[in-house]
Amino acid sequence: MSTELKERHSYEQELPPFVRTWRQFYRLLIAWLVLLILLFYAFTVYFK
Amino acid sequence: MSTLDWAVLVVTLIVIVVYGIYKSRGEQNIHGYLLGNQSLPWYHVCLSVMATQASAITFLSAPGLAYSSGMSFVQFYFGVPLAMIVLCITFVPIFHRLKVYTAYEYLEQRFDLKTRALTAFLFLVQRGLSTGITIYAPSIILSTILDINTTYTTLFIGGLVVFYTVYGGTKAVSYTQMLQMSIIFCGLFAAGVMVVHLLPSDIGFVKAISIAGKMGRTNAIDLTFDLDNRYTLWTGLLGGFFLQLSYFGTDQSQVGRYLSGSSVGQSRLGLLMNGLVKIPMQFLILLIGVLVFTFYQYNKPPVFFNSFELNKLEKSAFKPQLDKLKIEYDRVHEEKELAVGKMNGALEKGDNVLINRERIILREADQHEKAVRKQVTDLMLKNDAHANTDDNNYVFLSFVTQYLPKGLIGLLIAIIFLASMGSTASALNSLASTTVVDIYKRLVKKDGSDREYLQASRLATVFWGVICIIMALYASKIGNLLEAVNILGSYIYGTILGVFLVAFYIRQVNGMAVFVGAICTQLVVVLLGWNEVVAYLWLNVIGCGLVILFSLIVQRLLLGRPDILKQ
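Cut-off values and rules
Residues numbered from 1 in each chain as written. Chains lettered and ligands numbered in written order. Predicted model: local features only at pLDDT ≥ 70, side-chain atom pairs only at ≥ 80, totals over all residues. Domains from an automatic or database assignment. Contact = placed C-beta atoms within 7 Å. Helix = DSSP H or I, 4+ residues; strand = E, 2+ residues; numbered from the N terminus. Nonpolar A, V, L, I, M, F, W, Y, C, P; charged D, E, K, R; others polar. Buried ≥ 20, exposed ≤ 12 C-beta atoms within 10 Å, placed from the backbone. Expected span 1.5 Å × (residues − 1). Bend = angle between axes of the 7 residues up to and from the residue. Core = buried A, V, L, I, M, F, W, Y, C linked by C-beta atoms within 7 Å.

Chemist: Any chance you could explain the domain arrangement of chain B here in plain terms?
Modeler: Residue and element names in this part refer to chain B. By domain assignment, chain B separates into domain 1 (3–296 + 401–566) and domain 2 (307–387). For domain 1 and domain 2, the distance between their C-alpha centres works out to 35 Å. Contact with domain 1, which involves 10 residues of that partner, is made by 12 residues of domain 2. Looking at the side of domain 1 that touches domain 2, the elements with two or more residues in it are helix H7 (113–146) and helix H9 (205–214). The dominant element in the side of domain 1 that touches domain 2, judged by the number of residues it contributes, is H9, at four residues. Across the side of domain 1 that touches domain 2, the residue classes tally to three nonpolar, three polar and four charged.

Below, the structure written as structure tokens:
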């Protein structure tokens, strides 16, 4: 196993249990941001 | 404040300071003092990063902003999750792999010494000035409680923070920040619960927000595309992204926090968790401000929240005019209270025609109240041309000290102290590390011993502490503190980020080209900002874009002059 692969394997082991790769975590964060914007928009419209 | 409040405040502060000193005990070297031996787990990194960004200003200004102009400020943080992703992909692995102490160290490896020195200098200027404002914010608290000038309270708090930071070092800063954030979360939750509890019995949580919403305070999202509007979805996503990326990627006060992570994975995890939590946390802080706003529709707020300035006016020759304005203010508030009652009834009936009618009346009353307050501040300026006429930072504080129960007041005051200590400690630590690693060690004494550099770091912390206290003494002349810090950052962050993006992604650009590009950009950004051509958040985007553009142009112009490129 090359050094780069070893490093990558080591990083992946440090992930939280709800994601398998860092890429999944990044996608989750973007989805979270979109959800928050939609919720805040609904909040703004509802209470206006 | 009652004896119980003082006891809570003093015990909390002592526990935190003693904990910090306990954790930093023992023999230290420069690696431990500046990077905490790179041994911290992800939750330390996350809380430390959050505590560094969430200064006392966050807890004083944000509810005040929500009170006076609504929740649109939350959009400012929309760039955080996106910035965290870019950081984790690019910045974190590179900084860890190269084992740098500061972000600017990397720039010498990629470009040259002058580019490293320039960015380090820009950072020192920006952070040095803004840390002064960070120290000034909590000094307002003691000023209000003890009814004395902020100059004395600034000197006292500044001295306390410097003392704690010099002995702290990075590891102690991170450990105390973890404890600080835990206390902060608990205190804010309690404050939110209490403000709802203090509302009239027929006004629940949802109705309180509805009333504030009818008066334009729940504007969390603004979709308009207006370059002059400071907080819209677009400025938040684009301008906010560039500002946050610059802040977290190139500001040593943040880079130093995640470089203390025990591995790339732990640093990444800490930053991504910050991306998950930051926006909801800021939303909740603003929501507390909105609830305080509704509370003051049923309880007459002071005509001016800064009691020190108001007392000064009351003791002046302008007292008769002030008394007249106070009578008018009382009358306006009674009208407003009546209109709020009618709005409450209309909301219960669900009658949209009535709701719209009451909304117009309420907004007019709100404008009338603001006009009376404006006349009061005009009087203050007539009495004293240097009077601080912006009381946004006093709104939440005034509510806490007047209406919250004993014990909780002390805890909330302690929170503001703790937040200030956390962010100021990080800032002083980063100013010291940049001064020693990027300037002293590189330009003044290249072959010093570890002990000498450790000593220099402690001296640098003291030096910057004194500078920041002097800056803090001038901060009272600046309006809203939170905005002042962000505006200052926007002048410089874009340029620094541009240099880093060129370093990471445009391999053909050389040191001389990026250096000239950065200097030209900084001049253009200062001119644009000074003349208020665009809202300040856009300066980050413009600054970053211009560095890339100018660097490419200069590189192309100098392509035929390899001798210049080598200099």
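Chemist: Could you clarify how one ought to interpret unusual backbone geometry in this entry?
Modeler: Glycine aside, residues mostly have negative phi angles, and peptide bonds mostly take the trans form. Residues and elements named next belong to chain B. If you check the backbone angles, Lys99 has positive phi at about 50° while not being a glycine. Its location among the elements puts Lys99 in the loop between helix H5 (79–98) and helix H6 (103–110). By C-beta crowding, Lys99 is classed as exposed, having 11 other C-beta atoms within 10 Å.

Chemist: Please clarify how helix H21 (residues 538–557) of chain B should be interpreted in this entry.
Modeler: One full turn of an α-helix is made of 3.6 residues, so residues set three or four places apart face in the same direction. For H21 of chain B, spanning 20 residues, the distance from its first C-alpha to its last is 28 Å, which sits close to the expected 28 Å at 1.5 Å a residue. With 14 of 20 residues buried, H21 of chain B is to be regarded as a mostly interior element.

Chemist: How do you make sense of helix H17 (residues 408–444) of chain B when you look at a structure like this?
Modeler: Relative to the 54 Å expected for 37 residues at 1.5 Å per residue, H17 of chain B spans 50 Å between its end C-alpha atoms, a close match to the ideal helical length. Its maximal kink placed at Val436 of chain B, H17 of chain B deviates by approximately 30°.

Chemist: Looking at this structure, how should I read the nonpolar core?
Modeler: Residues Val74, Met84, Leu286, Val290, Val292, Ile415 and Val499 of chain B are the most contacted members of the largest nonpolar core, which totals 188 residues. Element by element, the count of residues in this core is highest for H17 of chain B, at 19 residues. Looking at which domains feed residues into this core, each of domain 1 (3–296 + 401–566) and domain 2 (307–387) of chain B gives three or more. Ignoring anything within four residues of it in the chain, the contact list for Met84 of chain B reads Leu29 of chain A together with Leu271, Leu272, Asn274 and Gly275 of chain B.

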